Amino acid sequence: MERIGLGGGCHWCTEAVFQALIGVIRVDQGFIAAPAPDDSLSEAVIVSFDPAAIALVDLIGVHLATHSSTSAHALRSRYRSAIYAFDAPQGDRAQAALAAHSGQTGMEFVTRVLTFGHFSPSAPRYRNYYATDPARPFCQTHIDPKLALLRQSHAALFRAGGSSGP
């Protein structure tokens, strides 16, 4: 099992997106900080995955496709577009994947590869937000469209049956 931290948008959305993928074993929702100067907590998830079932480059591709990874909007301190690596070799692989996706799409991403520093989990009532009640208005408005995009753009990575789960 391997872990990677991913942040970019609302962690309720990010959690649901990664729970929907094959090879993802667990998604921990909360806030991640990197070492200074990026040591403020930002909404993010830690994805635990089986690298034999889903590659890091594919996880990063899904991450880039399902949040505003090319926009430097005003809320970036709360919603930092980042890949949090747990060690230097993983950071190198993440940087290479980011560069590969940029080359393939012709897009310039604001997403940065940072060293994982600290994680603070969300309150229990917010964890598995989509999985526990997908009929919530927030889920229908914000999460369902991301899952629909994922089904179209990354169908081979989507869990059979299309449901997300803890």
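Computed from a prediction, not measured in an experiment: that's the story for all the values here. (Residues numbered from 1 in each chain as written. Predicted model: local features only at pLDDT ≥ 70, side-chain atom pairs only at ≥ 80, totals over all residues. Heavy atoms only, no water.)

(A) Examining the overall build of the protein more closely. Each helix and strand in the protein was counted, giving 5 helices and 6 strands. The order of α-helices and β-strands along the protein, N terminus first, is β-α-β-β-α-β-α-β-β-α-α. Burial status across the protein gives 46% buried among its 166 residues. (Helix = DSSP H or I, 4+ residues; strand = E, 2+ residues; numbered from the N terminus. Buried < 20%, exposed > 50% of the residue type's maximum accessible area, 1.4 Å probe, protein only.)

(B) Representation of the environment of D50 within the structure. By secondary structure assignment, the location of D50 is in the loop between β3 (42–49) and α2 (56–65). Residue classification places D50 among the partly exposed residues on the basis of a relative accessible area of 32%. On a C-alpha basis, the gap between D50 and I25 in space is 7.0 Å, while along the polypeptide they are 25 residues apart.

(C) Representation of the pattern of salt bridges within the structure. As enumerated under the stated definition, the model contains 4 salt bridges in all. Between R93 and E2 there is a salt bridge; the shortest N-O distance is 2.6 Å. With R93 in helix α3 (residues 88–105) and E2 in strand β1 (residues 2–7), this residue pair connects regions lying 91 residues apart in the sequence. Given the relative accessible area of 41%, R93 is considered partly exposed. Residue E2 is classed as buried on the basis of its relative accessible area, which comes to 16%. (Salt bridge = Lys/Arg side-chain N within 4 Å of Asp/Glu carboxyl O.)

(D) Expanded view of the sheet that holds strand β4 (residues 82–85). Sheet architecture is open: 6 strands sit in the order β5-β4-β1-β3-β2-β6, paired in mixed fashion. The sheet is open, and its two borders are formed by β5 (112–115) and β6 (118–121), each paired with just one other strand. This sheet shows a mean twist of 35° between the axes of neighbouring strands, independent of strand direction. With 3 bridges connecting them, β1 and β4 associate as antiparallel partners. Looking at β4, one finds that G7 is bridged to A82. In this fold helix α1 (residues 11–19) packs onto β1, β2 (24–33) and β3, with an angle of close to 160° to the strand it touches most, β2. Sitting on the sheet, α2 touches β1, β2, β3 and β4, and the angle it makes with β1 is about 15°. (Pairing = 2+ DSSP bridges. Axes fitted to C-alpha atoms, helices over the stretch in contact; angles between N-to-C directions. Contact = heavy atoms within 4.5 Å.)

(E) Local environment of the packing of aromatic side chains. Scanning all chains against the criterion turns up 5 aromatic pairs. A ring pair is formed by W12 and Y129, whose centres lie 3.7 Å apart and whose planes are at 10°; its orientation type is stacked. Of this pair, W12 sits in helix α1 while Y129 is found in helix α4 (residues 129–132), placing the two residues 117 residues apart along the sequence. The exposure classification of W12 matches that of Y129, with both residues buried. Measuring from ring centre to ring centre gives 5.1 Å for W12 and F138, while their planes differ by 90°; the resulting arrangement is edge-to-face. Of the two residues, W12 sits in helix α1 while F138 sits in helix α5 (residues 137–153), which places them 126 residues apart along the sequence. Given the relative accessible area of 18%, W12 is considered buried. Using a relative accessible area of 25% as the deciding quantity, one classes F138 as partly exposed. Joined through ring pairs, the aromatic side chains of W12, Y126, Y129 and F138 make up one cluster. The positively charged end of R136 is found above the aromatic ring belonging to Y129, 4.0 Å away from the centroid. (Phe/Tyr/Trp six-rings, centres within 6.5 Å; stacked < 30°, edge-to-face > 60°. Lys NZ or Arg CZ within 6 Å of the ring centre and 35° of its normal.)

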